[in-house]
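Architecture at a glance
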Amino acid sequence: MDKINAVITGVGGYIPDYILTNDEISKMVDTNDEWIMTRIGVKERHILNEEGLGTSYLARKAAKQLMKKTGANPDDIDLVVVATTTPDYPFPSTASILCDKLGLKNAFAFDLQAACSGFLYLMEVAANFIRSGRYKKIIIVGADKMSSIVDYTDRATCPIFGDGAAAFMVEPTTEDVGIMDSILRTDGKGLPFLHMKAGGSVCPASDFTVYNKMHYLHQEGRTVFKYAVSNMSDVSAAIAEKNGLTKDSIDWIVPHQANIRIIEAVAHRMEVPMEKMLVDIQRFGNTSAGTLPLCIWDFEDKLKKGDNIIFTAFGAGFTWGAVYVKWGYDGKKES
Ligand code: UT7
């Protein structure tokens with residue numbers, strides 16, 4: 001029997017309309033465009049500012065575009081998984097809300113929590129469901145409304161993040177393309193450096209937690225930066241070596257869009273020119289689980305069948321890793 005590979009057959013994305021510029025951020029906190037551009041690399045980020053809309057709205061827009069672009073019949077979708085840190089509610093899952101909004105009758109759905117590495121983990125999860133032979137059409141979504149957990153009085157974090165979502169369709173193929181390999185890691189010792197202090201079972205919401213701003217993202221930037229650079233660089237080099245990829249045979253690297261200096265460090269370590277790094281941090285900022293699929297959505301027209309792509313990310317947990325994908329089709333699919 002032929003080996004079943006899991007191939008990405010389409011991408012859909014969504015970025016909300018409202019643009020929050022560095023000039024506007026400079027009016028909220030003591031910062032300026034030059035600091036944000038040189039230290040982080042974000043020029044603007046998009047924010048979902050309509051009241052009553054959450055992450056499932058972003059996910060729905062992305063998934064609807066994906067279904068249109070791939071011509072998918074809702075009844076044929078077997079599974080939907082959403083990677084997110086900002087679910088609509090603590091429960092039920094954002095994926096279950098998405099399933100309903102998409103009118104999917106034959107799918108099961110759940111969320112995956114691995115912070116900024118969520119979509120990386122999700123590609124490996126989807127690939128294994130496909131390789132099992134039991135599932136034929138899987139929608140995977142990376143979606144985050146980071147503005148819902150960012151403290152816009154904290155200059156160390158508020159310039160970094162934005163809102164957005166993108167989705168892949170994953171299907172079986174016997175061709176030599178698809179999600180080929182992954183190296184994924186977790187180190188729970190990262191907890192103090194990047195987390196939300198309250199709202200979970202250790203410290204449920206109370207007047208005290210709200211008053212003390214414990215429902216916002218807390219980050220010790222310098223420590224996270226150091227681990228992100230070394231771990232993303234090491235794991236990207238490791239997956240390349242494991243699969244016989246060289247700086248010449250790697251066509252693209254899709255790095256998590258957290259800081260342009262981290263992206264440059266990965267390029268340097270991999271000895272690939274910045275032209276091979278897919279980068280849109282300037283326009284979208286860090287959309288957490290959204291960054292990797294959004295980059296593909298953004299640069300889909302550049303990709304060709306057979307392109308060797310390394311995805312890499314680092315996030316809270318700590319979580320990190322790299323996934324090697326051989327791209328499955330040429331150019332941009334129209335919606
Ligand atoms: O996506 C999940 C993973 N997250 C990441 O990968 C993020 C990793 N970390 C980072 O990207 C960077 O550490 C930050 C962008 C968060 C911060 O940049 P940094 O170069 O590490 O700055 P720092 O925290 O070392 O702070 C340097 C100085 C401090 O002032 P003093 O103490 O030296 O006087 C900060 O108060 O920069 C100051 N600062 C700012 N100044 C102007 C911090 N934020 C700002 C700001 N504008 N927005």
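To keep things clear, this report deals only with the structure shown in the data block.

The rules behind the values
Residues numbered from 1 in each chain as written. Predicted model: local features only at pLDDT ≥ 70, side-chain atom pairs only at ≥ 80, totals over all residues. Heavy atoms only, no water. Pairing = 2+ DSSP bridges. Helix = DSSP H or I, 4+ residues; strand = E, 2+ residues; numbered from the N terminus. Axes fitted to C-alpha atoms, helices over the stretch in contact; angles between N-to-C directions. Parallel < 35°, antiparallel > 145°, perpendicular 65-115°, else oblique. Left-handed = near helix turned anticlockwise from the far one by under 90°. Contact = heavy atoms within 4.5 Å. Nonpolar A, V, L, I, M, F, W, Y, C, P; charged D, E, K, R; others polar. Buried < 20%, exposed > 50% of the residue type's maximum accessible area, 1.4 Å probe, protein only. Core = buried A, V, L, I, M, F, W, Y, C linked by side-chain atoms within 4.5 Å. Domains from an automatic or database assignment. Arc of directions from axis to C-beta. Polar contact = N/O pair within 3.5 Å; in protein donor to acceptor, adjacent residues only side chain to side chain.

Inspection of the sheet shows strand S4 (residues 79–83) paired to strand S5 (residues 108–112) by five bridges, in the parallel sense. Looking at S5, one finds that Val82 is bridged to Asp111.

As a further point, take the packing of helix H3 (residues 55–70) against helix H4 (residues 94–102). Remark: H3 packs on H4, axes separated minimally by 9 Å, with the N-to-C direction vectors making an angle of 50°. By the angle between their axes, H3 is oblique relative to H4. Classified by chirality, the crossing of H4 by H3 is right-handed. Residues Thr55, Ser56, Ala59, Arg60, Ala63, Lys64 and Met67 of H3 lie in contact with H4, whose contacting residues are Thr94, Ile97, Leu98, Lys101 and Leu102. Per-class residue counts for the contact of H3 with H4 are six nonpolar, three polar and three charged.

With that settled, consider the pairing of strand S7 (residues 163–173). Across the eleven residues of S7, ten count as buried, placing the element largely inside the fold. With nine bridges connecting them, strand S1 (residues 5–14) and S7 associate as antiparallel partners. Paired with Val7 across the two strands is Glu171, which belongs to S7. When strand S6 (residues 138–145) meets S7, the two strands line up antiparallel, connected through eight bridges. Each bridged residue has a counterpart across the sheet, and for Ala143 the counterpart in S7 is Ala165.

With that settled, the discussion passes to the sheet that holds S1. Strand order in the open sheet formed by five strands is S1-S7-S6-S4-S5, with mixed pairing between adjacent strands. The open sheet has two edge strands, S1 and S5, and neither has a second partner. Recorded for the sheet is a direction-independent mean angle of 20° between the axes of neighbouring strands. Sitting on the sheet, H3 is in contact with S1, S6 and S7, with an inclination near 120° to S1.

Of all hydrophobic cores here, the largest spans 44 residues; its most connected members are Ile250, Ile253, Met270, Met277, Ile310 and Phe314. Residues from two domains meet in this core; each of domain 1 (5–177) and domain 2 (180–287 + 299–334) gives at least three. Excluding its chain neighbours within four sequence positions, the residues that come into contact with Phe314 are Cys116, Ser117, Val224, Tyr227, Ala228, Asn231, Met232, His256, Thr319 and Trp320. Counting residues in hydrophobic clusters, the runner-up holds 43 residues, among them Met123, Ala127, Ile138 and Val254.

So, on to unusual backbone geometry. Residue Pro92 is reached from Phe91 by a cis peptide bond, and omega for that bond is 0°. Assignment of secondary structure puts Pro92 in the loop between S4 and H4. The omega torsion of the bond from Gly317 to Phe318 falls at 5°, within 30 degrees of zero and hence cis. Mapped onto the secondary structure, Phe318 falls in the loop between strand S12 (308–315) and strand S13 (319–326). One non-glycine residue, Glu271, lies in positive phi territory at about 60°. Along the chain, Glu271 falls in the loop between helix H8 (260–270) and helix H9 (281–284). Given the relative accessible area of 54%, Glu271 is considered exposed. Phi angles above zero are rare outside glycine, and Ser288 is one such case at about 55°. Relative to the elements of secondary structure, Ser288 occurs in the loop between H9 and helix H10 (291–299).

Moving on, we get to H8. The complete set of buried residues in H8 reads Ile260, Ile262, Ile263, Val266, Ala267 and Met270. Projected down its long axis, H8 carries its buried residues within an arc of 160°, all on one side. Contacts from the buried residues of H8 go to helix H2 (33–39), helix H7 (221–242), strand S11 (252–255), H9 and S12. Where H8 begins, the side chain of Asn259 points an oxygen toward the backbone nitrogen of Arg261, at a separation of 2.8 Å. At the exit of H8 stands Glu271, carrying a positive phi of roughly 60°.

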